[in-house]
Amino acid sequence: AWSARLGPEAALEGDLVDLMARAGCQAVSVGREVSDPGLRTAAEARRDIESLREAAARLAERGLGVAVRLALGLDAHDEELLRQAGRLSDWGGVDVLEVFVVTPWPGTAAFERLDGEGRILCTDWSRYDGHHAVFRPAAMAPDLLVAETARVAWAAASLRRAAGHALEGRIGRAAGSLLRARRIRAWRREAVAHARSLTEPSEAQRSSSRAERRPSSSPEPSPFATASRTLRASPTPAAPRATLSTE
């Protein structure tokens, strides 16, 4: 028994899936590896969703376990497409849905491009884990991207999904769904707070800004007023005395 990772095109290609099933493959993780948010157009991003749906259906028909991987946060991803992605968990045949935030890895061309555009928001490398927003998306705020990604993940690990597994006698999958749902809630709280901290001023920054705007209690005197007072305080020079010549 073995498992494999495939792109959606490979999963739909010819007799490959049939050959894999006959060779003892039990599960397939299907998805597209993306680290550059600018690589896909809006039309391509929507075709990716449809290709994943078709690939998952074909794998399930062959009796294979199906995990779908989906990266969210491409420049072509707007709120409408994220809502479409949120329905992935309703597809028949999808056993596990893995969603993550697009992450431009340091040292790659994607990172250099985004950095040059001023869109890299975080250089704490521990946050480059696919669960945090580390750059500014093109179509939404970073905290919205993380919240929507967590929402899609939650839909795949909800109580409804867990109950469905339990009714079908798949107790292990039901327990797994409940555990993932608990982890997703914690991830959402932490990741959304982190994303907001990247784009919203901190309390210290707001206090500093208010202090800068507050008028001073003893404003600096105008240089012109200082010069005027100096002139008034200076003694008027005495006029020279006239002298008579006796010559």
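Refer to the structure above for everything that follows.
Because the structure is predicted, anything quoted here is derived from the model rather than measured.

1. A few points about the overall build of the protein
On a plain count of helices and strands, the protein comes out with 10 helices and 4 strands. Secondary structure elements in the protein, listed N-terminal to C-terminal, are β-α-α-β-α-β-α-β-α-α-α-α-α-α. Among the 247 residues that make up the protein, the fraction classed as buried is 37%. Considering only intrachain contacts with a sequence separation of at least 6, the fraction spanning at least 24 residues in the protein is 69%. About 14600 Å² of surface is accessible on the protein, with carbon and sulfur atoms providing 54% of the total.

2. Some remarks on the nonpolar core
Residues V28, V30, L59, V68, L70, L72 and L97 are the most contacted members of the largest nonpolar core, which totals 39 residues. Broken down by element, the residue count for this core peaks at 7 residues, all from helix α6 (residues 142-156). Setting aside its immediate chain neighbours within four residues, L59 contacts A11, V17, V28, V30, L64 and V66. In terms of nonpolar packing, the next biggest core, distinct from the first, is built from 7 residues, C122, Y128, V134 and F135 among them.

3. Observations concerning empty space enclosed by the protein
To locate leftover empty space, one rolls a probe as large as a water molecule over the atoms. One pass over the structure, following the stated rule, counts 1 cavity of 30 Å³ or more. Here the largest cavity is characterised by a volume of approximately 120 Å³. Lining of the largest cavity is provided by 14 residues; of these, R32, V34, D48, L70 and A71 occupy positions nearest its centre. Secondary-structure elements contributing two or more residues to the lining of the largest cavity are α3 (42-61) and β3 (65-72). Counting residues per element, the lining of the largest cavity draws most heavily on α3, which supplies 4 residues. Tallied by class, residues from the lining of the largest cavity come to 8 nonpolar, 2 polar and 4 charged.

4. A word on the environment of A147
With respect to the element layout, A147 can be found in helix α6. Put simply, A147 and W187 are 40 residues apart on the chain and 9.6 Å apart in space, counted from C-alpha to C-alpha. The residues touching A147, leaving out its near neighbours within four places in the chain, are R188 and V192.

5. What about the pattern of salt bridges?
Taken as a whole and assessed by the stated rule, the structure comprises 15 salt bridges. Residue D18 is joined to R62 by a salt bridge in which the shortest nitrogen-to-oxygen separation is 2.5 Å. With D18 in helix α2 (residues 16-22) and R62 in the loop between α3 and β3, the pair connects residues that are 44 residues apart, well separated along the chain. We classify R62 as partly exposed; its relative accessible area is 29%. Taking the shortest distance from any N to any O, the salt bridge between R119 and E117 comes out at 3.2 Å. When salt bridges with common partners are traced through the structure, they connect D36, D75, R113, E117 and R119 into a single cluster.

6. Topic: the layout of surface pockets
Looking at the largest pocket, its volume works out to about 320 Å³. In terms of residue count, the dominant contributor to the lining of the largest pocket is strand β4 (residues 96-101) (5 residues). For the lining of the largest pocket, the residue count by class is 9 nonpolar, 1 polar and 4 charged.

Scoring rules and cut-offs
Residues numbered from 1 in each chain as written. Predicted model: local features only at pLDDT ≥ 70, side-chain atom pairs only at ≥ 80, totals over all residues. Heavy atoms only, no water. Helix = DSSP H or I, 4+ residues; strand = E, 2+ residues; numbered from the N terminus. Buried < 20%, exposed > 50% of the residue type's maximum accessible area, 1.4 Å probe, protein only. Contact = heavy atoms within 4.5 Å. Areas by Shrake-Rupley, 256 points an atom, 1.4 Å probe, with all protein chains shown as cover. Core = buried A, V, L, I, M, F, W, Y, C linked by side-chain atoms within 4.5 Å. 1 Å grid on protein atoms, 1.4 Å probe; cavity = no way out; pocket = protein on both sides within 12 Å on 5 of 7 lines; lining within 4 Å. Points joined across faces, edges and corners; volume = space filled by probe spheres on them. Nonpolar A, V, L, I, M, F, W, Y, C, P; charged D, E, K, R; others polar. Salt bridge = Lys/Arg side-chain N within 4 Å of Asp/Glu carboxyl O.

From the geometry alone we can't say anything about function, so treat these as descriptive.
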